[in-house]
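Here are the chains, one letter per residue:
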Amino acid sequence: MIADFNYDELLAEYRKIWNNRLLTASDRSSEDTLKEAVYRELLDENSHPRIRKNKFEKYYSAIKRITQSTISNEAKVALILLHNGVMEQLLKEG
């Protein structure tokens, strides 16, 4: 999937798209930090519970935001693949 992509670089690209997100990676790897951020994003955990959207709406808006960003095409593909993987995991969990 994106095994050969540098997660430090990918996390930096993610931060460019979501520049107001606090993504601290002090005791975790960039890979873990990024996957956790995408997981929280798709579950809309950064919003107040009363205004949360479902994971499908969040997935759509995340992919749209990625594709419309100015990051490299390689980073776009890698982030989309990462979102796909996390979404598949969420669907398996129910």
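Here's a quick rundown of the structure. Chains are numbered independently. Their residues run from 1 in the order of the written sequence. Note on the predicted model: pLDDT of at least 70 is required for a residue's local features to be given, and 80 or more for side-chain atom pairs to be given and counted; whole-chain, interface and lining totals, by contrast, use all residues. Side-chain numbers come from the whole structure's heavy atoms, not from hydrogens or water.

1. Structural notes on the overall build of the chain
The numbering of helices and of strands both runs from the N terminus, where a helix is a DSSP run of H or I of at least 4 residues and a strand a run of E of at least 2. A count of helical and extended segments in the chain gives 4 helices and 0 strands. Element order for the chain, N to C, with α for helix and β for strand: α-α-α-α. For the chain, the residues scored as buried account for 35% of the 94 residues in total. Every residue pair with non-hydrogen atoms within 4.5 Å of one another is taken to be in contact. Sequence separation of at least 24 residues holds for 58% of the intrachain contacts in the chain that already meet a minimum separation of 6. Accessible surface, the chain as shown: approximately 6,100 Å² in total, 48% of it carbon and sulfur. Per-residue accessibility, obtained with a 1.4 Å probe over protein chains only, is compared with the maximum for each type, and a residue is labelled buried under 20%, exposed over 50%, and partly exposed between these values. Each accessible area is a Shrake-Rupley result for a 1.4 Å probe, and residues are judged covered by the shown protein chains and nothing else.

2. Structural notes on the side chain of T33
Tracing the backbone shows T33 in helix α2 (residues 30-42). Judged by relative accessible area, T33 falls into the buried class, the value being 3%. Throughout this description, a polar contact denotes any pair of N or O atoms lying within 3.5 Å of each other; where both atoms belong to protein, one of them has to be capable of donating a hydrogen while the other can accept it, and for residues adjacent in sequence the pair is counted only when both atoms sit in side chains. Within polar-contact distance, the side chain of T33 engages the backbone oxygen of S29 at 2.9 Å.

3. Comments concerning the nonpolar core
Grouped together as the largest cluster of nonpolar side chains are 22 residues, with contacts concentrated most on L10, Y14, L34, V38 and L79. At the level of elements, α1 (7-17), α2, α3 (55-67) and α4 (73-93) are the ones that each hand at least two residues to this core. Ranked by residue count, the leading element in this core is α4, at 7 residues. What L79 contacts, discounting residues up to four positions off in sequence, is L10, Y14, I17, L34, I66 and I71. Take the buried residues of types Ala, Val, Leu, Ile, Met, Phe, Trp, Tyr and Cys, join any two whose side-chain atoms come within 4.5 Å, and each joined set is a nonpolar core.

4. Some remarks on α4
By this rule, a helix spans an expected 1.5 Å times one less than how many residues it contains. Across its 21 residues, α4 extends 30 Å between first and last C-alpha, which sits within 8% of the 30 Å expected from 1.5 Å per residue. Just downstream of α4 lies G94, where phi reads positive at about 100°.

5. Observations regarding the packing of α1 against α2
Taken N-terminus to C-terminus, the directions of α1 and α2 make an angle of 35°; their axes are 8 Å apart at the nearest point. You can see that α1 and α2 cross each other, and the crossing is left-handed. Contact with α1, carried on its side by Y7, D8, L10, L11 and Y14, involves S30, E31, T33, L34, K35, A37, V38 and E41 of α2 and no other residues of that element. Throughout, an axis means a line fitted to C-alpha atoms (over the contacting stretch in the case of helices), and angles, computed between N-to-C directions, take values from 0 to 180 degrees. Helix crossings fall into two classes, left-handed where the near helix is turned counterclockwise from the far one by less than a right angle and right-handed where it is turned clockwise.

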